[in-house]
Structure formats: C-alpha cells, structure tokens
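Secondary and tertiary structure notes
In case you want the letters, here they are:
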Amino acid sequence: VLAIFSKHPDGLTPFEASKIYNGQYPEIPLTSVRRAVTDLEKSGRLEKTGAMRAGGYGKPNHVWKVKDRI
C-alpha cells in the first residue's frame, strides 16, 4: 500500500488506493487497505491532509499522502 501512495504525490483516499491495489494484485477488502493506511499513519510514513474527495459510496473521504522526510 505504501508503494501505491509513493507513486501519487498529491495523495489518495483509501478507496482510491484500494482500486489501484486490486487492479494490480489479488483483491483484498477495502477495510484491509484502511487498516494499512491507519498503521502507516501511526508509524509516521503517511499523513492525513486536509483535503477530502468523494469515495465509492458518495461519501467524502480524507486524503493521505507520503510524509515528507527531512
């Protein structure tokens, strides 16, 4: 999941990341991608932006991006 976010510097929603992941690898549930995003945020590799985009169910979803390392 981190590799997918690394290729999208403007960030992705978990729903967008799930669609990309499932297009490249055997399908996994959206909840698994959301868990990975949460774990990557807790470990300091992803950060939640202030942006939101429409998700697959018409609800707004937060956008995450790879955290800049200094």
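Look up: the structure comes first, before these words.
Described below are features of the structure shown in this document.

Definitions and cut-offs
- Along each chain, the written sequence defines residue order, and numbers are assigned to residues from 1.
- Owing to the predicted nature of the model, reporting of local features is limited to residues with pLDDT of at least 70; listing and counting of side-chain atom pairs is limited to 80 or more, with chain, interface and lining totals taken over all residues.
- Side-chain measures were taken over the full set of non-hydrogen atoms in the model, leaving aside hydrogen atoms and water.
- What counts as a helix is a DSSP run of H or I of at least four residues, what counts as a strand is a run of E of at least two, and both are numbered from the N terminus.
- One fewer than the residue count of a helix, multiplied by 1.5 Å, yields its expected span.
- Buried means the residue's accessible area, taken with a 1.4 Å probe over protein chains only, is under 20% of the maximum for its type, while exposed means over 50%, and partly exposed covers the values in between.
- Think of the arc as the fan of directions from the helix axis to the C-beta atoms.
- Geometry of aromatic contacts follows a simple scheme: Phe, Tyr and Trp rings, the Trp one being its six-membered ring, pair when their centres are within 6.5 Å, and the pair is stacked under 30 degrees between planes, edge-to-face over 60, tilted otherwise.

A few words now on helix H3 (residues 30–42). For H3, spanning 13 residues, the distance from its first C-alpha to its last is 19 Å, which sits close to the expected 18 Å at 1.5 Å a residue. For H3, every residue scored as buried is listed here: Leu30, Val33, Ala36, Val37 and Leu40. Projection of H3 onto a plane perpendicular to its axis shows the buried side chains occupying an angular sector of 120 degrees, all on one side. In H3, the exposed positions angled more than 90 degrees off the buried face are occupied by Thr31 and Lys42. Just downstream of H3, Gly44 is the residue with a positive phi angle, here 85 degrees.

Next up on the list: the packing of aromatic side chains. This structure, assessed with the given rule, holds 2 aromatic pairs. Ring centres 6.1 Å apart and planes at 65 degrees place the aromatic pair Phe15 and Tyr57 in the edge-to-face group. Linking Phe15 in helix H2 (residues 14–24) with Tyr57 in the loop between strand E1 (46–54) and strand E2 (60–66), this pair joins segments that are 42 residues apart in sequence. By relative accessible area, which is 22% here, Phe15 ends up partly exposed. Measuring from ring centre to ring centre gives 4.8 Å for Tyr21 and Tyr25, while their planes differ by 40 degrees; the resulting arrangement is tilted. Relative accessible area serves as the criterion here: at 43%, Tyr25 is assigned to the partly exposed category.

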